[in-house]
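Geometric and topological summary
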Amino acid sequence: MLNRCVLVGRLTRDPELRYTQSGKSVCSFSLAVDRPFRDADGQKQTDFINITVWGKQGENCANYLSKGKLAAVDGRLQQQSYEKNGQKVVSAVVVADAVAFLSPRDQSVTPDCSEGGPF
């Protein structure tokens, strides 16, 4: 069996770092990932994908990433379910095994790179 996700996108918000009761760090953020095609009206489509990063890698994400920064994530897709207002809610999250920071530290957010950019 194979469960592997490789994503490149921009953070939609600053990473949120939390700690479990046992003291393990966990960071969460969301990536905006453009689809490689446009819809019938010529508009590009974007997926917003939730990412979870555990341990020291998660701490590094919280310290060095911020909204608008470009990042690559390698991980696995995991389904989560919980109850909200008596209804069962199911969501998907990518649990990262590795995160690469693709924006230079001092670079401000650049315009959409899907038009003639490196990807």
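Below is a short write-up of the structure. What you see is a predicted model; the values in this text were computed from it and never measured. (Residues numbered from 1 in each chain as written. Predicted model: local features only at pLDDT ≥ 70, side-chain atom pairs only at ≥ 80, totals over all residues. Heavy atoms only, no water.)

This brings us to unusual backbone geometry. Although it is not a glycine, Asn-85 sits at a positive phi angle of roughly 55°. Considering the arrangement of structural elements, one finds Asn-85 in the loop between strand E5 (70-84) and strand E6 (87-101). (Helix = DSSP H or I, 4+ residues; strand = E, 2+ residues; numbered from the N terminus.)

Before going further, it helps to spend a moment on the packing of aromatic side chains. Two numbers describe a pair of aromatic rings. These are the distance of the centres and the angle of the planes. Evaluation of the coordinates by the stated rule reveals 1 aromatic pair. Aromatic pair Tyr-64 and Phe-101: ring centres 6.4 Å apart, planes at 40°, arrangement tilted. Here Tyr-64, found in helix H1 (residues 55-64), pairs with Phe-101, found in strand E6; they are 37 residues apart in sequence, far enough to count as distant. (Phe/Tyr/Trp six-rings, centres within 6.5 Å; stacked < 30°, edge-to-face > 60°.)

The volume enclosed by the second largest pocket comes to roughly 210 Å³. Lining the second largest pocket are 15 residues; nearest its centre among them are Ser-28, Ile-51, Thr-52, Gln-80 and Val-93. Those elements that place two or more of their residues in the lining of the second largest pocket are strand E3 (25-38), strand E4 (44-54), E5 and E6. Split by residue class, the lining of the second largest pocket holds 7 nonpolar, 6 polar and 2 charged. (1 Å grid on protein atoms, 1.4 Å probe; cavity = no way out; pocket = protein on both sides within 12 Å on 5 of 7 lines; lining within 4 Å. Points joined across faces, edges and corners; volume = space filled by probe spheres on them. Nonpolar A, V, L, I, M, F, W, Y, C, P; charged D, E, K, R; others polar.)

Counting residues in hydrophobic clusters, the biggest one holds 16 residues, and the most contacted among them are Phe-29, Leu-31, Ile-51, Val-53, Val-73 and Val-99. Those elements that provide at least two residues to this core are strand E1 (5-11), E3, E4, E5 and E6. Top element by residues in this core is E3. It accounts for 4 residues. Look past the residues within four positions of Leu-31 in its chain and what remains in contact with it is Leu-7, Gly-9, Arg-10, Leu-11, Thr-12, Asp-47, Phe-48, Ile-49, Ile-51, Ala-71 and Val-73. (Core = buried A, V, L, I, M, F, W, Y, C linked by side-chain atoms within 4.5 Å. Buried < 20%, exposed > 50% of the residue type's maximum accessible area, 1.4 Å probe, protein only. Contact = heavy atoms within 4.5 Å.)

Structurally, Lys-67 is set in the loop between H1 and E5. Residue classification places Lys-67 among the exposed residues on the basis of a relative accessible area of 54%. Linking Lys-67 and Pro-15, residues 52 residues apart in sequence, is a C-alpha distance of 7.7 Å.

We now examine the pairing of E4. Here 10 bridges tie E3 to E4, and the two strands are oriented antiparallel to one another. By the bridge assignment for E4, Ser-30 is matched with Asn-50. The antiparallel hairpin formed by E3 and E4 contains 5 residues in its connecting segment, where Gly-42 sits at a positive phi of about 85°. Summarising the sheet, E4 and E6 pair through 3 bridges and their orientation is parallel. Note that in E6 the partner of Thr-52 across the bridge is Val-95. (Pairing = 2+ DSSP bridges.)

One pass over the full model with this rule turns up 7 salt bridges. A salt bridge links Arg-18 to Glu-16; its shortest N-O distance comes to 3.6 Å. A residue is classified by how much of its surface remains accessible, and Arg-18, at 38% relative accessible area, is partly exposed. (Salt bridge = Lys/Arg side-chain N within 4 Å of Asp/Glu carboxyl O.)

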